[in-house]
Amino acid sequence: MKSVAMAYYNGAKYIDEQIRSILANMEDTDELIISVDDASDGSETILQNWAQNDPRIRIIKGPGKGVVKNFENAFRHCRGDIIFLSDQDDVWKKNKMIKIELKDGAIIEVEKGSSIIDVAKKISEGLARVTLAGLVNGEVQDLRHKLTEDCKLEILTFDSLEGKKAYWHTTSHIMAQAIKRLYPEIKLAIGPSIDNGFYYDFDTEKPFSEEDLIKIEDEMKKIIKEDLPIERFELPRSEAIKLMKDAGEDYKVELIEDLPEDEVLSFYKQGEFTDLCAGPHLMSTGKVKCAKLLSTSGAYWRGDEKNKMLQRIYAISFPKASLLEEHLAKLEEAKQRDHRKLGKDLELFMTHKLVGSGLPMYLPNGATVRRLLERYIQDKEIRMGYKHVYTPSLANVELYKTSGHWDHYKEDMFPVMKMDNEELVLRPMNCPHHMLIFKSKMRSYKDLPIRIGELAHDFRYEDSGTVCGIERVREMCQNDAHLFVRPDQIKDEVGKVVKLILDVYKDFGFKDYKFRLSLRDKNDKHKYFDDDEMWDKAESQLREILTELGLDFYEAEGEAAFYGPKLDVQLKSAIGHDVTVSTCQLDFLLPQRFELEYIGEDGKAHRPVVIHRAILGTLDRFMAFLIEETKGAFPTWLAPVQVKVLPISDKHLEYANKVKEALQDKEVRVEVDDRAEKIGYKIREAQLQKVPYMLVVGDKEQEAGEVGVRNRKDGDVGAMKLEKFVEKIDEEIKTFAK
């Protein structure tokens, strides 16, 4: 029990805010003892009114000899721990004010116990109207969160991801409330916000139809219009379980029972609807302006296929209708760029349930693109002194125990296969193999750097729900390499890797990208190898190198490989997503675990440093990225078919084949469309297949030794001598023209 002693002596100026602030920080069992006397300003009457409405307040008559005597009088009536307060302006202000450091470094003073929304209002009413949550000392907090000590505060609006998530989380409750109004028998599961909106899982006997979604949206509009206040409250575990049991919400009961005993059980209430939730949430339903239900799918409860299949609704919301329209346009654009759709339309790859989930098969067109990518990157690496190898996709478990992958990566590996006296496993990566290749013979300091490259087939145990076309697969081809260097060669070799990355991006026309220095999370001892000295050395060295190379980079904690920090290149996709393609990692650990050595200039054994690097990443993911970037319209040098020759009639077939032979002599990938179809139909077909060039040949072209040139971008560009066109496309291919 806590007692608060307070003295009043002509101090009505701050009385209401003082009492309100004190009570907000008191428990139900606490008491507030107020000694009041000589209150000619009317404060005694105000205090008596407070006491009548709150049983925790006791008013006692003071001795009438000033604030100090009033304090002493109040102390005598206190029980338990005592907190001293005064009504005098200077004493009260000193005790009740705290300092808040804002994002821009500005310091403001607010009353102790002020909420985040109070601070926003103090800054400006305009800011308060768009404030959605707060970041207090780096932790996202609800608008109602009370600030009781000096802290750093960032006001979160819809411009930040955390602000968006608070907005979307509130909308998920509005959607759940609408569904409970329309279909009371449906049970609620979970409804979190995610990076691109929110979803809610429901236990219902039948999937939601399009008509259902329209009804739900209409009901959500009504709830938004009602502008229901959203209230947060907490309950003891037993009362929380009873509340959810009485409501028939079995999934919520299960969630509560699985939470730790000391977990705070908070709920949010809006009108007749109450949901178990940690927050944060907006202040009322009316703060949400427009929402759209996007899609439905099945989802196992808690992601476990042994549990019941629930119905999930994905949705989005925005504070302005124009933002929603813009988002829907982006979604439509994303559909048009979806590599799975284009992969099927352009016959690049296919999947089949008999083969297995996450195991695509490349068709001739896709195999051509992939082969070209493989040759392209290998040729560049060979020119830079890389030596390419082939290593098996299967290895003894002991190899990964030696490397450390078994301890940190086992969950992402396929199950062990026992054969004879060995335990074998499909490899998740091939760096351990390259360590053994380096170790296979004695190395001299003069041999370094040694650059070992491989287009390696690796395997990851991805859940069936996460695999996606060729973007996320269970078997992938890595454009991998490991550079074994002396410590004095690290900077130069990292610089060469960065130059190679930039050269490749120039060839592909990539311009929107950022460099990220990925560091470990020091508190995650399971994910990262536990050696603080090694990590500090590797992180500081890579940071210094990137700085000396003049790269503009940002840092991200918790994104490193388990054995060392890395430089990741984040490419911005055509639909606005950040995609990690290239990476360069600094590794002091694996050389130590494999006991790698070279003989130095001093005749003694020294340990090399390993640089792991991937320029195209996995060929599968890179190809998926390219498909979506180009909408399947690959640059000419990479297109599966670069030219379609379109004879107007059968009598032009002989000349069409002559054109084909002239192009094939320059290794141009060319086909003749010899079908008995109209020329307009042939042109449309070639355009749908995203062929860069269509050459129409008829009587006029045949007589003049020309071709009627059409390209997929500009259409008909006119007639051209055959030899001139051959020269043009040959140069275009050789220079990787866009």
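Read on for an overview of the structure. Along each chain, residues carry numbers from 1 onward, in the same order as the chain's sequence is written. Reporting of local features is limited, given that this is a predicted model, to residues whose pLDDT is at least 70; pairs of side-chain atoms are given and counted only at 80 or more, and all residues count toward the totals for whole chains, interfaces and linings. Side-chain figures throughout are based on the complete set of non-hydrogen atoms in the structure, without hydrogens or water.

Quick look at helix H5 (residues 116-123) now. Because an α-helix completes one turn every 3.6 residues, residues spaced three or four positions apart along the sequence face the same direction. In this scheme, a residue with accessible area under 20% of its type's maximum is buried, one over 50% is exposed, and one in between is partly exposed, where area comes from a 1.4 Å probe on protein chains only. Elements are defined by DSSP. Helices are runs of H or I of four residues or more, strands are runs of E of two residues or more, and each kind is numbered from the N terminus. All of the buried residues in H5 are Ile116, Ile117, Val119 and Ala120. Projected down its long axis, H5 shows its buried positions confined to an angular sector of 155°, all on one face. For this quantity, the arc is that covered by the directions from the helix axis to the C-beta atoms.

A pair of packed helices can be characterised by two numbers: the angle between their axes and the separation between those axes. Only the stretch in contact is used when a helix axis is fitted, and all axes are lines through C-alpha atoms; the angle between N-to-C directions ranges over 0 to 180 degrees. Two elements in contact, helix H13 (residues 364-383) and helix H20 (residues 619-630), have axes whose closest approach is 11 Å; the angle formed by their N-to-C orientations is 115°. Taken as axis vectors, H13 and H20 run roughly perpendicular relative to one another. Handedness of the H13/H20 crossing: right-handed. Contacts between H13 and H20 involve Gly366, Val369, Arg370, Leu373 and Glu374 from the former and Leu619, Asp620, Phe622, Met623 and Leu626 from the latter. Looking at side-chain class alone, the contact of H13 with H20 contains six nonpolar, one polar and three charged residues. Our angle categories are set so that under 35 degrees counts as roughly parallel, over 145 as roughly antiparallel, 65 to 115 as roughly perpendicular, and the remainder as oblique. Crossings are sorted by hand: turned counterclockwise from the far helix by less than a right angle, the near helix makes the crossing left-handed, and turned clockwise it makes it right-handed. Here, two residues are considered to be in contact whenever any of their heavy atoms come within 4.5 Å of each other. Charged residues are taken to be Asp, Glu, Lys and Arg, nonpolar residues to be Ala, Val, Leu, Ile, Met, Phe, Trp, Tyr, Cys and Pro, and polar residues to be all remaining types, Gly included.

This brings us to helix H22 (residues 679-688). Taken together, the buried positions of H22 are occupied by Lys682, Ile683 and Ala686. One side of H22 carries all its buried residues, which in axial view fall inside an arc of 100°. In the core, the buried residues of H22 are packed alongside strand E35 (643-647), strand E37 (693-697) and strand E38 (706-711). Within two residues after H22, Lys690 carries a phi angle of roughly 60°, on the positive side.

Moving on, we come to the nonpolar core. Core analysis: the largest hydrophobic core is formed by 104 residues, its most contacted members being Phe508, Val643 and Leu663. Non-local contacts of Phe508, meaning those with residues more than four positions away in its chain, are made with Leu373, Tyr376, Phe622, Leu626, Trp637, Leu638 and Lys738. Definition used in this section: a nonpolar core is a set of buried Ala, Val, Leu, Ile, Met, Phe, Trp, Tyr and Cys residues joined via side-chain atoms within 4.5 Å. Grouped together as the second largest cluster of nonpolar side chains are 37 residues, Tyr167, Ile174, Ala176 and Ile223 included.

Checked against the element boundaries, Arg516 lands in strand E28 (residues 513-519). A polar contact is formed between the side chain of Arg516 and the side chain of Ser518, at a distance of 3.0 Å. Among all residues touching Arg516, those that are not within four sequence positions of it are Tyr554, Ala556, Glu559, Lys566, Leu567, Asp568, Gln570 and Thr580. Within 3.5 Å is the distance limit for a polar contact, defined as a pair of N or O atoms, with the added protein rule that one can donate a hydrogen and the other accept it, and that residues adjacent in sequence qualify only through two side-chain atoms.

Quick look at the state of the cysteines now. Pairs of cysteine sulfur atoms within 2.5 Å are identified as disulfides in what follows. For the structure on display, the rule yields zero disulfides. In this structure Cys584 is a free cysteine whose sulfur lies 14 Å from that of Cys431, the closest cysteine sulfur available.

What makes a salt bridge here is a side-chain nitrogen of Lys or Arg within 4 Å of a carboxyl oxygen of Asp or Glu, nothing more. Within this structure, the stated rule accounts for 51 salt bridges. Note that Lys252 is salt-bridged to Asp275, the shortest N-O span being 2.8 Å. Residue Lys252 is located in helix H10 (residues 250-258), and its partner Asp275 is located in strand E17 (residues 273-276); the two are separated by 23 residues in the primary sequence. Pair check on accessibility: Lys252 and Asp275 agree, each one buried. The salt bridge partner of Asp568 is Arg516, with a shortest N-O separation of 2.9 Å. Taken together, the residues Asp568 in strand E30 (residues 566-572) and Arg516 in strand E28 connect sequence positions 52 residues apart. Among the charged side chains, a network of salt bridges with common partners joins Arg181, Glu219, Lys222, Glu226 and Glu272.

Time to look at the pairing of E28. Most of E28 is tucked away, with five of its seven residues classed as buried. In the sheet, E28 pairs with E30 via six bridges, with the strands oriented antiparallel. Note on E30: the bridge partner recorded for Ser518 is Lys566. By this definition, two strands are paired if DSSP reports at least two bridges between them.

A word on a positive patch on the surface. On the surface, a cluster of positive charge is contributed by Lys121, Arg129, Lys287 and Lys289. Tracing the backbone shows Arg129 in helix H6 (residues 125-130). Look at Arg129 and you get exposed, because its relative accessible area is 58%. Two joining distances apply to patches: 9 Å for like charges and 5 Å for nonpolar side chains (Val, Leu, Ile, Met, Phe, Trp, Tyr), and every residue must have over 30% relative accessible area and no salt bridge. Reported accessibility uses the Shrake-Rupley method at a 1.4 Å probe radius. Residues are deemed covered only where the shown protein chains occlude them. We treat Lys and Arg as the positive residues and Asp and Glu as the negative residues; His and chain ends play no part in the count. A single reference atom marks each charge: NZ on Lys, CZ on Arg, CG on Asp, CD on Glu.

Of the pockets and cavities examined, the second largest pocket occupies roughly 810 Å³. Here the term cavity refers to a set of points on a 1 Å grid, laid over the protein atoms alone, in which a 1.4 Å probe fits but cannot get out; the term pocket refers to an open set having protein on both sides within 12 Å along at least five of seven lines, with lining residues being those that place an atom within 4 Å of a point. Taken together, 31 residues line the second largest pocket, and the ones lying closest to its centre are Arg232, Ser266, Cys277, Ala278 and Gly279. Listed by contribution, the elements that provide at least two residues to the lining of the second largest pocket are helix H7 (161-182), strand E15 (230-234), H10, strand E16 (266-270) and E17. When residues in the lining of the second largest pocket are grouped by element, the largest group, three residues, is from E15. Among the residues making up the lining of the second largest pocket, the classes are represented as 14 nonpolar, eight polar and nine charged. Grid points are joined across faces, edges and corners, and a volume is the space filled by probe spheres set on the points.

Our next topic: the sheet that holds E15. If you trace the three strands from one edge of the open sheet to the other, you get E15-E16-E17, paired in antiparallel fashion. The outermost strands of the open sheet, each flanked by one partner alone, are E15 and E17. Going across the sheet, the axis of each strand differs from the next one's by a mean of 25°, ignoring polarity. Strand direction decides the pairing type here: E15 and E16, joined by five bridges, are antiparallel. Opposite Glu234, over in E16, you have Ser266 as the bridge partner. Against the sheet, H7 touches E15, E16 and E17, its axis set at about 125° to E17. Contacts from helix H9 (residues 237-246) reach E15, E16 and E17, with the element oriented near 40° to E16.

Let us now look at the side chain of Arg144. When you line up the elements, Arg144 lands in the loop between strand E9 (139-141) and strand E10 (146-147). Given a relative accessible area of 17%, Arg144 falls into the buried group. Only 2.9 Å separates the side chain of Arg144 from the backbone oxygen of Ile230, close enough to count as a polar contact. Here the side chain of Arg144 touches Leu282 through a polar contact of 2.4 Å, landing on its backbone oxygen. When sequence neighbours within four positions are dropped, the list of residues in contact with Arg144 reads Ser115, Ile230, Arg232, Tyr268, His281, Leu282 and Met283.

With that settled, consider unusual backbone geometry. Backbone torsion omega between Gly279 and Pro280 reads 0°, so that peptide bond is classified as cis. Along the polypeptide, Pro280 turns up in the loop between E17 and strand E18 (290-300). A cis amide bond links Leu448 to the next residue, Pro449, at an omega of 5°. Take Pro449: it is sitting in the loop between helix H16 (431-439) and strand E26 (450-459). With phi around 55°, Glu595 is a residue other than glycine that occupies positive phi space. Relative to the elements of secondary structure, Glu595 occurs in the loop between helix H19 (589-593) and strand E32 (598-599).

We now examine the sheet that holds strand E39 (residues 715-721). Backbone-to-backbone hydrogen bonds pair the strands of a sheet. The strands run either parallel or antiparallel. Taken together, five strands build an open sheet; the order of strands is E36-E35-E37-E38-E39 and the sheet is mixed. Both edges of this open sheet fall to strand E36 (670-672) and E39, since each of them pairs with a single strand only. Taken over all neighbouring pairs, the strand axes of this sheet differ in orientation by 25° on average, direction set aside. Here helix H21 (residues 653-664) sits on the sheet and contacts E35, E36, E37 and E38; the angle it forms with E36, its principal contact strand, is near 175°.

Let us now look at a nonpolar patch on the surface. Judged by side-chain polarity, Leu294, Leu328 and Leu331 come together as a nonpolar surface patch covering roughly 190 Å² of accessible area. In this structure, Leu331 sits in helix H11 (residues 321-337). Owing to a relative accessible area of 31%, Leu331 belongs among the partly exposed residues under this scheme.

Among the structural elements, Asp536 can be located in helix H18 (residues 532-548). Overall, the relative accessible area of 40% leaves Asp536 in the partly exposed class. Between the alpha carbons of Asp536 and Leu519 there is a distance of 9.9 Å; along the sequence they are 17 residues apart. The residues contacting Asp536, other than those within four sequence positions of it, are Arg520 and Lys522.

None of the figures reported here should be taken as evidence of function without further support.
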